[in-house]
Amino acid sequence: MKAVTTDTNTVDVVLPCLDEAEALPWVLARIPAGWRAIVVDNGSSDGSADIARALGATVVHEPRRGFGAACHAGISAATADVVCFCDCDASLDPALLAPFVREVREGAADLVLGRRRPSGRGAWPAHARAGNLALSLLLRRRTGLRLHDLGPLRAARREPLLALGLTDRRSGYPLQMVVRAADAGWRITEHDVPYLPRTGASKVTGTWRGTWQAVRDMSRVLNEAPVRERTAR
């Protein structure tokens, strides 16, 4: 794939990381040229932080465990106008973010999401897919958005993201971002992206228990009242 050239530090890519030493070289090699990779180490014990640093990434340490905690630490460390998110397990190709960023910059969307399409056997376990479908239907009922996935590959402008006041620091963070963006009237779009078998075991969707905990976190987010209702009280 041809590298995408941009001005230095105009895009930051936040990569939450927990024991992803094996996947990091592939992921970081796929970051478009001129973009900055921010690897947020969430308590790795396999040397992930050292590997990321040696490969040229900016490393941020977030001791509080949780996907949302890592993502928010990454946004806080970012300085670029446009911020992207991508898992650090080699299941998603960060090079696919280039058209997402273009869409945000051109004003066609405020938040762009990747709809995961399994590519390869075992890329997306049945229980994880079922949980995602259930949450998508609940999200549609809550916001009216006809989205099919709540995947981690996404792009938006940093300052508006911070202004959403996201509070979840666990598995509900990606969903809360979409819910609060919808409440704020953001234009949200979704595009298909290939979803590859991840490197290593998933911390969330690798087990029924992990999936259930994620669904519980996200259900709590869906039960939140819209911001305008909370502030009016």
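The coordinates are above.
Residues numbered from 1 in each chain as written. Predicted model: local features only at pLDDT ≥ 70, side-chain atom pairs only at ≥ 80, totals over all residues. Heavy atoms only, no water.

Locating Ala-182 in the fold gives a position in helix α7 (residues 173–183). Each residue touching Ala-182, except ones within four places of it in the same chain, is listed here: Thr-143, Leu-145 and Ile-188. (Helix = DSSP H or I, 4+ residues; strand = E, 2+ residues; numbered from the N terminus. Contact = heavy atoms within 4.5 Å.)

Here is the key point about a regular strand: its side chains alternate between the two faces of the sheet. Judged from the 4 bridges that link them, strand β4 (residues 82–85) and strand β6 (residues 154–157) form a sheet pairing that is antiparallel. Counted as the bridge partner of Cys-84 is Ala-155 from β6. Across 3 bridges, strand β5 (residues 111–118) lies against β6 in antiparallel orientation. From the neighbouring strand, Val-112 faces β6, where its bridge partner is Ala-155. (Pairing = 2+ DSSP bridges.)

In space, the 7 strands of this open sheet follow the order β3-β2-β1-β4-β6-β5-β7, with mixed pairing throughout. The outermost strands of the open sheet, each flanked by one partner alone, are β3 (58–61) and β7 (188–195). Going from strand to strand, the sheet's axes swing by 20° on average, the running direction of each strand aside. Of the strand pairs in this sheet, strand β2 (residues 36–41) and β3 are connected by 4 bridges, and their pairing is parallel. Opposite Asp-41, over in β3, you have His-61 as the bridge partner. Strands in contact with α7 are β4, β5, β6 and β7; relative to β5, the strand with the most contacts, it is inclined by about 135°. (Axes fitted to C-alpha atoms, helices over the stretch in contact; angles between N-to-C directions.)

This structure, assessed with the given rule, holds 9 salt bridges. A salt bridge links Arg-157 to Asp-81, with the shortest nitrogen-to-oxygen separation between them at 2.0 Å. Highlighted residues: Arg-157 in strand β6 and Asp-81 in the loop between α3 (67–77) and β4, separated in sequence by 76 residues. Measuring nitrogen to oxygen at the nearest pair gives 2.9 Å for the salt bridge that ties Asp-183 to Arg-142. With Asp-183 in helix α7 and Arg-142 in helix α5 (residues 126–143), this residue pair connects regions lying 41 residues apart in the sequence. Residue class for Asp-183 comes out partly exposed when judged on its relative accessible area of 23%. (Salt bridge = Lys/Arg side-chain N within 4 Å of Asp/Glu carboxyl O. Buried < 20%, exposed > 50% of the residue type's maximum accessible area, 1.4 Å probe, protein only.)

In this structure the tally under the stated criterion is 0 disulfides. Cysteine Cys-84 is unpaired, with the sulfur of Cys-86 as its nearest cysteine sulfur at 9.0 Å. According to the relative accessible area criterion, Cys-84 is buried, its value standing at 0%. Looking at Cys-88, it has no disulfide partner, and the nearest cysteine sulfur is the one in Cys-17, 4.4 Å off. Classification of Cys-88 by relative accessible area gives buried; the value is 2%. (Disulfide = S-S within 2.5 Å.)

So, about α7. Along α7, 9 of the 11 residues are buried, which leaves the element largely enclosed by surrounding structure. Along α7, the positions that sit buried rather than exposed are Tyr-173, Pro-174, Leu-175, Gln-176, Met-177, Val-178, Val-179, Arg-180 and Ala-181. In the stretch just after α7, Gly-185 is the one whose phi turns positive, near 85°.

This next bit is on unusual backbone geometry. Phi angles above zero are rare outside glycine, and Asp-19 is one such case at about 55°. In this structure, Asp-19 sits in the loop between β1 (11–17) and α1 (24–29). Judged by relative accessible area, which is 31%, Asp-19 ranks as partly exposed. In this structure, Ala-90 takes a positive phi of about 70° despite not being glycine. Along the polypeptide, Ala-90 turns up in the loop between β4 and α4 (97–105). When its relative accessible area of 9% is taken as the criterion, Ala-90 is described as buried.

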